[in-house]
Amino acid sequence: MPDPTSDHRVRHLVALALGVLCVVYLFVQAGDLTTYVILLGLSCGAVTVGHQAVLRAGPLVWTAIVGLILSYLGLLMAVGLLVVRLARTFGS
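Rules used throughout
Counting starts from 1 at the beginning of each chain's written sequence and moves along it residue by residue. Where local features are concerned, this predicted model is filtered to residues with pLDDT of at least 70; where side-chain atom pairs are given and counted, the filter is 80 or more; whole-chain, interface and lining totals use all residues. Side-chain calculation: all heavy atoms of the structure are included, whereas hydrogens and water are not. Going along the chain from the N terminus, every DSSP run of H or I of four or more residues is numbered as a helix, and every run of E of two or more is numbered as a strand. Radius of gyration here is computed from C-alpha atoms only, and the compact-globule reference equals 2.2 Å multiplied by the residue count raised to the power 0.38. We call a residue buried when its accessible area falls under 20% of the maximum for its residue type, exposed when it is over 50%, and partly exposed in between, using a 1.4 Å probe and counting protein chains only. Two joining distances apply to patches: 9 Å for like charges and 5 Å for nonpolar side chains (Val, Leu, Ile, Met, Phe, Trp, Tyr), and every residue must have over 30% relative accessible area and no salt bridge. Working definition of accessibility: Shrake-Rupley area with a 1.4 Å probe, residue cover restricted to the visible protein chains. We count a salt bridge whenever a side-chain nitrogen from Lys or Arg sits within 4 Å of a carboxyl oxygen from Asp or Glu. Inter-axis angles, ranging from 0 to 180 degrees, are taken between N-to-C directions of lines fitted to C-alpha atoms, where helices are fitted over the stretch in contact. An angle below 35 degrees is treated as roughly parallel, one above 145 as roughly antiparallel, one from 65 to 115 as roughly perpendicular, and anything else as oblique. Crossing chirality is assigned from the near helix's rotation relative to the far helix, an anticlockwise turn below a right angle marking it left-handed and a clockwise turn marking it right-handed. Counting of polar contacts relies on pairs of N or O atoms within 3.5 Å, with two restrictions inside protein: one atom must be capable of donating a hydrogen and the other of accepting it, and residues adjacent in sequence are counted only when both atoms are side-chain atoms. Residues count as neighbours in contact if any of their non-hydrogen atoms are within 4.5 Å of one another.

K.L.:
Outline the overall build of the chain, listing residues and values.
P.N.:
In terms of regular secondary structure, the chain is built from 3 helices and 0 strands. Relative to its length of 92 residues, the chain is extended, with a C-alpha radius of gyration of 16 Å against a globular reference of 12 Å. Expressed along its principal axes, the backbone C-alpha trace of the chain runs to roughly 60 × 25 × 15 Å. Residue burial in the chain is summarised as follows: out of 92 residues, 27% are buried.

K.L.:
I'd love a proper account of a nonpolar patch on the surface, names of residues and values included.
P.N.:
Residues Val20, Val24, Phe27 and Val28 make up a contiguous nonpolar surface patch of about 410 Å² in total accessible area. In this structure, valine 20 sits in helix 1 (residues 9-28). With relative accessibility at 38%, the residue valine 20 sits in the partly exposed group.

K.L.:
Give me the packing of helix 2 (residues 33-54) against helix 3 (residues 61-91): which residues, what numbers.
P.N.:
The interhelical angle for the contact between helix 2 and helix 3, taken along N-to-C directions, is 155 degrees, at an axis separation of 8 Å. The angle between helix 2 and helix 3 falls in the class roughly antiparallel. In the crossing of helix 2 with helix 3, the sense of the turn from one axis to the other is left-handed.

K.L.:
Hey, could you go over the side chain of serine 43 for me, with residue numbers and the actual values?
P.N.:
Of note, serine 43 is situated in helix 2. Take serine 43: its relative accessible area is 0%, and that puts it in the buried class. Polar contacts involving the side chain of serine 43 include one to the main-chain amide nitrogen of leucine 75, which spans 3.5 Å. Every residue in contact with serine 43, bar those within four places of it in the chain, is listed here: Cys22, Ser71, Gly74 and Leu75.

Here it is in structure tokens:
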């Protein structure tokens, strides 16, 4: 049985850190196909961790929510950029 006094602060902060990492990686990436695939994997992992963190109660649950929103934005951008890059590569 889990400890009821546990507040899961570390899990919430990790979700926020991964969400920020997804957004930062969008701006520092080189722009080729490999970096888009890496961003897609990073975003999928961040979304998974974010969902697990949001389900845990604690005083910093708002950080997990912000991290989850940033992770979804990173995932949306990763899919969009990957689709455009693949269309340009195989379209011509």
